[in-house]
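Observations on the model geometry
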Amino acid sequence: MNLTLRIWRQSGPKDRGRMVTYQVEDVSPDMSFLEMLDVLNERLVLAGEEPVAFDHDCREGICGMCGLMINGDAHGPQRGTTACQLHMRQFSDGDTIDIEPWRARAFPVIKDLVVDRSAFDTIIAAGGYVTAPTGSAPEAHATPVPKADADAAFEAAACIGCGACVAACPNGSGMLFTAAKVTQLSLLPQGQPERYTRVVGMVDAHDEAGFGGCTNAGECTVVCPKGIPLNTIGRLNRDYLKATAKRGDT
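Residues numbered from 1 in each chain as written. Predicted model: local features only at pLDDT ≥ 70, side-chain atom pairs only at ≥ 80, totals over all residues. Heavy atoms only, no water.

1. Quick notes on unusual backbone geometry
Definition in use: Here a helix means four or more residues in a row that DSSP labels H or I, a strand means two or more in a row labelled E, and each is numbered from the N terminus. Relative accessibility decides the category of a residue: with a 1.4 Å probe and only protein chains considered, values under 20% of the type maximum give buried, values over 50% give exposed, and everything between is partly exposed.
We note that histidine 75 has phi near 70 degrees; this positive angle belongs to a residue other than glycine. With respect to the helices and strands, histidine 75 occurs in the loop between β4 (73-74) and β5 (96-100). For asparagine 216, which is not glycine, the phi torsion reads 55 degrees and is therefore positive. Within the secondary structure, asparagine 216 sits in the loop between α6 (195-208) and α7 (219-223). What makes asparagine 216 partly exposed here is its relative accessible area of 49%.

Structure below.
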């Protein structure tokens, strides 16, 4: 395939940035989207030009590093797929493809398509863990967990922290990510002692990091490559209301 790429180029956080057009030829439909960008970068380097900076690591849809807006969609047109697992067969010969970074106040652009997602780290640092030392791993059936709770916790734990939910949200909210990290612990016995301090701390960190408020638009769940459901946010809201009631907040 021969394609026209319009890519956001920004040399640094203080640069205004702009869309730059590139032509790529002989693109195999079996290439992944990132492999196609690799081909473009090889040609740019050979021509003495600056390659396009973009995040990547495992390229297996596991690590959450890749993050691109492709024709206005976080991770591209194929649902349940990260950008690194998106293949060029989803496009047609002669297509024009717009490629941009995540757009959110809490994710400032570092360079080109790379954004600073360390705001997610501050949310995790505010309570996304269990502090009590538990020793070695217990026998699997020592503490029975209802299957519905175990399934919901596992579903939430599938979140890879890519940030697509933030990029797709009209408010730039990171509540789906926060809810997933709260839920995966709040449904299990090990997470109960810190359940309510955890949710308050992580929601406060979310707001302080500059994420927008959640208005249940639902765009986050549409683009989430791991299919985290919207009711995960409902669980967070329920725990947050209980927590603030316990401490006497109004």
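2. Points about the packing of α6 against helix α8 (residues 231-246)
Operational definition: Helix axes are fitted only over the stretch in contact, all axes being lines through C-alpha atoms; the angle between N-to-C directions runs from 0 to 180 degrees. Angles are sorted into four bins: roughly parallel if under 35 degrees, roughly antiparallel if over 145, roughly perpendicular if 65 to 115, and oblique for all others. The contact rule is simple, with two residues in contact once any of their heavy atoms fall within 4.5 Å. Under the scheme applied here, ten amino acids are nonpolar (Ala, Val, Leu, Ile, Met, Phe, Trp, Tyr, Cys and Pro), four are charged (Asp, Glu, Lys and Arg), and all others, including Gly, are polar.
The contact between α6 and α8 brings their axes to 9 Å, and the two run at 105 degrees. Overall, the two elements α6 and α8 adopt an arrangement that is roughly perpendicular. Where α6 abuts α8, its residues Arg195, Tyr196, Val199, Val200, Val203 and Asp204 lie against Leu236, Asp239, Tyr240, Lys242, Ala243 and Lys246. For the contact of α6 with α8, a count of residues per class yields 7 nonpolar, no polar and 5 charged.

3. Here's the deal with the nonpolar core
A general feature of soluble globular proteins is that nonpolar side chains tend to end up buried together. Stated precisely, the cut-off is as follows: We call a set of buried residues a nonpolar core when its members are Ala, Val, Leu, Ile, Met, Phe, Trp, Tyr or Cys and they connect through side-chain atoms within 4.5 Å of each other.
Core analysis: the largest hydrophobic core is formed by 38 residues, its most contacted members being Trp102, Phe107 and Phe211. Elements with a contribution of two residues or more to this core: α2 (118-125), α4 (164-168), α5 (175-186), α6, α7 and α8. The greatest single-element share of this core, amounting to 6 residues, is contributed by α5. Counting residues in hydrophobic clusters, the runner-up holds 28 residues, among them Val24, Leu34, Leu37 and Ile99.

Nothing here speaks to function; it is geometry throughout.
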